[in-house]
Structure formats: structure tokens, C-alpha cells
Amino acid sequence: MQNEEYLSLLRQGVSQWNQWRKENPEIQVDLSNLDLREISLVQANLSFANLQGAILEGANLSGAILLNSDLRQADCKQANLNGSNLVSANAQGAIFTQAKFMGGTLVDADFTGASLEETDFSGADLSGAILKSANLNKAILCEAKLLRTNLVKACLTKTDFSLTDLREADLRGAAVSQADFSDANCHGADLSEVDLSSANFSRAILPDPTCHL
């Protein structure tokens, strides 16, 4: 099938789309470079889908299943991904500025080099995710889970990590100017080569001395 045919199927509604995916699990869905802004994707099954370069600006993907999907270079500015499943998704270089991932499951997802400014990850699970060199300036990760998450050289200026689980996270070389780590659990995190002078660590559980605080 051509990707325009997949688009036609999506326009028939999520329930019909999900039923078709259930009946055709072997088909590799190609939605690359398509404009999907006007299509409701609430709870859509987009697992293993190729969404590389797709335009999803402002799209509603709440509760969508994006397991192992390819979102590289996709434009997802201001998209609603609350409660979505992006386990092992590849979102390298994608744009998620001001998007919402509240309560989402993003375990082992790859956001290397992604634009995540002012994105809301409140309560999301990003355990094992790769956010290397990503721009998370002013992002909200309050009460999120970032167990063993890779944040090497990430831009974290004014990022909200309050009450966040950062155990064993790797923040080497990250920029954390004015970031808020209040009440966060940073046990075992690596904060080497990080200027902590303007960050807020009030009431936070700090790494032990071997973790180079």
C-alpha cells in the first residue's frame, strides 16, 4: 500500500483503523512525510509505524500506541501525547516543542537531539530513555521517572525536575542553569562536568560522593 492509502484508512476513524491493524499485524505502516494534523489519532494503534518526517503539529495523540514507531524528524509541536505509549520509539531529531506527554510511557525511547522545549512530561516514565543533546529548556518533568535515563549534554535550563526520580541518570556535561531539582531523587546520578551553581537542589536526595556531584 502507498502511504496515501494508509491516510485514507485513518480518515475512516480510529476504531476502523485499529481493527484493520489487528487483522493485518504483519503490514509495515508507512505514514512518513504525511500531514496528519487534521486527523484524530486518539488511542490509535501506530506501533511500528513509519512516521518519519510526518507533520503532527497540534495533533491529538492522547492514549496512542507508538511502540517502536519511527518519529525521526517528525514535527509534533504542541501535540497532545498524554497517556501515550512510546516504548522504544525512535524520535531522534524530532520537534516536540510545547507538546504534552503527561502520564505517558516512554521507556527506552530515543530522543537524541530532539527539540523538547517547554514540553510537559509530568508523571511520565522515561526510564532508560535517551535524551542525549536534546533541548529540554523550560520543560516540565515534575514527578516523572527518569531511572537510568541518558541526559548527557542535554540543555536543561530552567527545567522542572521537582519530585522527579533521577536515580542513576546520566547528566554528564548537561546545562542545568536555574533548573529545579527540589525534592528530586538523584541517588547514583552522574553529574560530573555539570555547573550546579544556579540549580536548585533543596530537599533533594543527592548522589553519593563517587558520582561527582
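For the structure, check the block above.
Here the focus is the pattern of salt bridges. Counted under the stated rule, the structure contains seven salt bridges. Two residues, Asp165 and Arg167, come together in a salt bridge whose shortest N-O distance is 2.7 Å. In this structure, a network of salt bridges that share partners links the residues Asp170, Arg172 and Asp190.

Before going further, it helps to examine the environment of Asn24. Relative to the assigned elements, Asn24 resides in the segment after helix 2 (14-23). Since its relative accessible area comes to 19%, Asn24 is described here as buried. Asn24 sits 171 residues away from Asp195 along the chain, and the two C-alpha atoms are 51 Å apart. Of the polar contacts made by the side chain of Asn24, one reaches the backbone oxygen of Trp20; its length is 2.9 Å.

We now examine helix 2. Within the sequence span of helix 2, burial applies to Val14, Trp17, Trp20 and Arg21. Along helix 2, the residues classed as buried sweep out an arc of 125 degrees about the axis, all on the same side. For helix 2, the exposed residues lying more than 90 degrees away from the buried face are Ser15, Lys22 and Glu23. Buried residues in helix 2 make contact with helix 1 (3-10).

Attention now goes to the packing of aromatic side chains. Per the counting criterion, the structure on display carries eight aromatic pairs. A centroid spacing of 5.5 Å and a plane angle of 40 degrees characterise the contact between Trp17 and Trp20, whose relative ring orientation is tilted. Of this pair, Trp17 and Trp20 both sit in helix 2, three residues apart, which is roughly one turn of the helix. The pair Trp17 / Trp20 is uniform in exposure class, with both members buried. In this structure an aromatic cluster arises from ring pairing among Phe96, Phe101, Phe111 and Phe121.

About the criteria used
Residues numbered from 1 in each chain as written. Predicted model: local features only at pLDDT ≥ 70, side-chain atom pairs only at ≥ 80, totals over all residues. Heavy atoms only, no water. Salt bridge = Lys/Arg side-chain N within 4 Å of Asp/Glu carboxyl O. Helix = DSSP H or I, 4+ residues; strand = E, 2+ residues; numbered from the N terminus. Buried < 20%, exposed > 50% of the residue type's maximum accessible area, 1.4 Å probe, protein only. Polar contact = N/O pair within 3.5 Å; in protein donor to acceptor, adjacent residues only side chain to side chain. Arc of directions from axis to C-beta. Contact = heavy atoms within 4.5 Å. Phe/Tyr/Trp six-rings, centres within 6.5 Å; stacked < 30°, edge-to-face > 60°.

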